[in-house]
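If you want the building blocks of each chain, they are given just below.
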Amino acid sequence: MRIVLVGPPGAGKGTQAAFLAKNLSIPHISTGDLFRANISRQTELGKLAKSYMDEGNLVPDEVTIAMAKDRMEQPDAVNGFLLDGFPRNVSQAEALDQALKADGVELDGVLDLEVPEDEVVKRIAGRRICRNDSSHVFHVTYSPPKKEGVCDVCDGELYQRDDDTEETVRKRLEVYHTQTEPIIDYYAAQGLVVTISALGKVDEVTKRAMDALKGQAEGREQRDEDKNDSRGDGGE
Ligand code: AP5
Ligand code: MG
C-alpha cells in the first residue's frame, strides 16, 4: 500500500505512522525525521534544512523532493510506504504523482488527521523526542516515558524539538493552512482522501485510521470492478 498521511503539526502523524506502518508492513517515511537525522549528522543538507525548520518554513522543494524520492527508491519501499509530512504543498504532490507514474504505481489513499488547534498546542507543548531517533515520540502527560527524560525504545536522551517554540508553532500552523491544506483538495479530486478525527487515545485513533483505510481500499476495488464491468458491457 502507498499511503500519504496529512494533518497539522502535532496532529499525531508520527505517532500514528509508527503503528500503521507496523500493521501494514510498510516503511514509515517522514521527511521531518530525515531532515532531523541530517541535522544530527551535521550534513550540508541538515544545515540548510535547519535554517528553514527553525523558522517554521518549508525546506525548498528541490532538496525535499530529491531526498523523499531517494528514500522511496530504497528496497524496503518497493511494495509500499507510509509518507508522513510529504508532500507538503501542491508542487510536491505533483512531483510525487510523476514519480509514481514513472514506476507504474499509484497512491492507495490519503489519510487526513483532523484535530482542533487548542489540542495541537497541548500536544506540542508536552512533546519530547529522542536524540538518537526523532521517530521515538513521547508526551510528558499523554504518553510519558517509563523513566523521565529517557527513551523507552533505545535509552536515548529525550529533548524538546527546536521548532516546538510557541512562535514557530504559530508559523508552522500558518504554513500548514496556506501551503499544505490545498493538497487535500488536490487529492480529493482524485477520490483518495479519508478524513478522521485524531482526538482520543492513540490506539483508538489507530483503529479509526485502519478502518478508514480499509473502507477506502474496498471503495476503490468496487470502483475498479464497476469500471471493468462497464468496459465489458461496451465490448459486447
Ligand atoms: P515535521 O517533523 O513533519 O513536523 P510537523 O508536520 O509540524 O508535524 P509534527 O512532527 O510536529 O507533528 P506530528 O503530527 O508528527 O505529531 P506527533 O505524532 O509527534 O516537519 C518539521 C519541519 O521539517 C517542517 O516545519 C519543515 O520545515 C520541514 N519539512 C518536513 N517535511 C517537509 C516537506 N515535505 N517539505 C518542506 N519542508 C518539510 O504527536 C505530537 C505529540 O502529541 C507527541 O508528544 C505525542 O506523544 C502526542 N500525541 C499523539 N497522539 C496523541 C493522542 N491521540 N492523544 C494524546 N497525545 C497524543
Ligand atoms: Mg512528526
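The rules behind the values
- Residues numbered from 1 in each chain as written.
- Chains lettered and ligands numbered in written order.
- Predicted model: local features only at pLDDT ≥ 70, side-chain atom pairs only at ≥ 80, totals over all residues.
- Heavy atoms only, no water.
- Salt bridge = Lys/Arg side-chain N within 4 Å of Asp/Glu carboxyl O.
- Helix = DSSP H or I, 4+ residues; strand = E, 2+ residues; numbered from the N terminus.
- Buried < 20%, exposed > 50% of the residue type's maximum accessible area, 1.4 Å probe, protein only.
- Pairing = 2+ DSSP bridges.
- Contact = heavy atoms within 4.5 Å.
- Axes fitted to C-alpha atoms, helices over the stretch in contact; angles between N-to-C directions.
- Phe/Tyr/Trp six-rings, centres within 6.5 Å; stacked < 30°, edge-to-face > 60°.
- Lys NZ or Arg CZ within 6 Å of the ring centre and 35° of its normal.
- Parallel < 35°, antiparallel > 145°, perpendicular 65-115°, else oblique.
- Left-handed = near helix turned anticlockwise from the far one by under 90°.
- Nonpolar A, V, L, I, M, F, W, Y, C, P; charged D, E, K, R; others polar.
- UniProt positions renumbered as here; feature names shortened; annotations may be inferred.

1. Digging into the pattern of salt bridges
One pass over the full model with this rule turns up 14 salt bridges. Here Asp 164 and Arg 127 are joined by a salt bridge, their closest N and O atoms 3.0 Å apart. With Asp 164 in the loop between strand E7 (158-159) and helix H7 (166-180) and Arg 127 in strand E5 (residues 127-130), the pair connects residues that are 37 residues apart, well separated along the chain. Because the salt bridges share partners, they merge into one network encompassing Arg 127, Arg 161, Asp 163, Asp 164 and Arg 172.

2. Considering the pairing of strand E4 (residues 109-114)
A regular strand carries its side chains on alternate faces of the sheet. Of all six residues in E4, five are buried, a share of seventy percent or more. In this structure, strand E1 (residues 2-6) lies alongside E4, joined through four bridges in parallel fashion. Looking across to E4, one finds that Val 4 is bridged to Val 110.

3. Details of the side chain of Asp 163
Take Asp 163: it is sitting in the loop between E7 and H7. The class of Asp 163 is buried, set by a relative accessible area of 8%. For Asp 163, the contacting residues outside a window of four places in its chain are Met 53, Thr 168, Val 169 and Arg 172.

4. Regarding the sheet that holds strand E3 (residues 81-84)
The strand order across the open sheet built from five strands is E2-E3-E1-E4-E8, with neighbouring strands paired in parallel fashion. The sheet is open, and its two borders are formed by strand E2 (28-30) and strand E8 (193-197), each paired with just one other strand. Each neighbouring strand pair of the sheet contributes to a mean axis angle of 25 degrees, computed without reference to strand direction. Here E1 pairs with E3 via four bridges, running parallel.

5. Here's the deal with the sheet that holds E5
Spatial ordering of the open sheet is given by E6-E5-E7, a layout of three strands whose pairing is antiparallel. Here the strands that pair on one side only, and so sit at the sheet edges, are strand E6 (137-139) and E7. In terms of strand pairing, E5 meets E7 through two bridges, oriented antiparallel. Opposite Cys 130, over in E7, you have Leu 158 as the bridge partner. Sitting on the sheet, helix H6 (residues 117-125) is in contact with E5 and E6, with an inclination near 45 degrees to E5.

6. Regarding the packing of aromatic side chains
Under the criterion given, the structure shown has one aromatic pair. Here the aromatic rings of Tyr 186 and Tyr 187 are separated by 5.2 Å at their centres, their planes lie at 80 degrees, and the arrangement is edge-to-face. Accessibility expressed as a relative area gives 0% for Tyr 187, which makes it buried. A cation over a ring is seen here: Arg 131 above Tyr 159, with NZ or CZ 3.9 Å from the ring centre.

7. Things to note about the packing of H6 against H7
The geometry of a pair of packed helices is captured by two quantities: the angle between their axes and the separation between those axes. Put simply, H6 and H7 touch, their axes get as near as 12 Å, and they point 135 degrees apart. The angle between the axes of H6 and H7 places the two elements in the oblique class. Crossing of H6 over H7 shows right-handed handedness. Of H7, the residues touching H6 (which contributes Glu 117, Val 120 and Ile 124) are Val 169, Arg 172, Leu 173 and His 177. Here the residues of the contact of H6 with H7 sort into four nonpolar, one polar and two charged.

8. Here's the deal with the UniProt feature "binding site: ATP" (unreviewed entry) in the protein chain
The positions UniProt marks with the feature "binding site: ATP" (unreviewed entry) are Gly 10, Ala 11, Gly 12, Lys 13, Gly 14, Thr 15, Arg 127, Val 137, Phe 138 and Gly 200. By the secondary structure assignment, Gly 14 is in helix H1 (residues 13-24). We classify Gly 14 as partly exposed; its relative accessible area is 24%. By secondary structure assignment, the location of Gly 200 is in the loop between E8 and helix H9 (202-235). For Gly 200, the residues in contact, after removing those within four places along its chain, are Arg 123 and Val 205.

9. A closer look at the UniProt feature "binding site: AMP" (unreviewed entry) in the protein chain
According to UniProt, the "binding site: AMP" (unreviewed entry) feature falls on Thr 31, Arg 36, Asn 57, Leu 58, Val 59, Gly 85, Phe 86, Pro 87, Arg 88, Gln 92, Arg 161 and Arg 172. Across 142 residues in sequence, these annotated residues place their C-alpha atoms as far as 24.5 Å from one another, rather than forming a single compact spot. Examined against the element boundaries, Thr 31 turns out to sit in helix H2 (residues 31-40). Judged by relative accessible area, which is 3%, Thr 31 ranks as buried. Tracing the chain through its elements places Gln 92 in helix H5 (residues 90-102). Not counting the four nearest positions on each side in its chain, Gln 92 is found in contact with Asp 61, Thr 64, Ile 65, Phe 86 and Pro 87.

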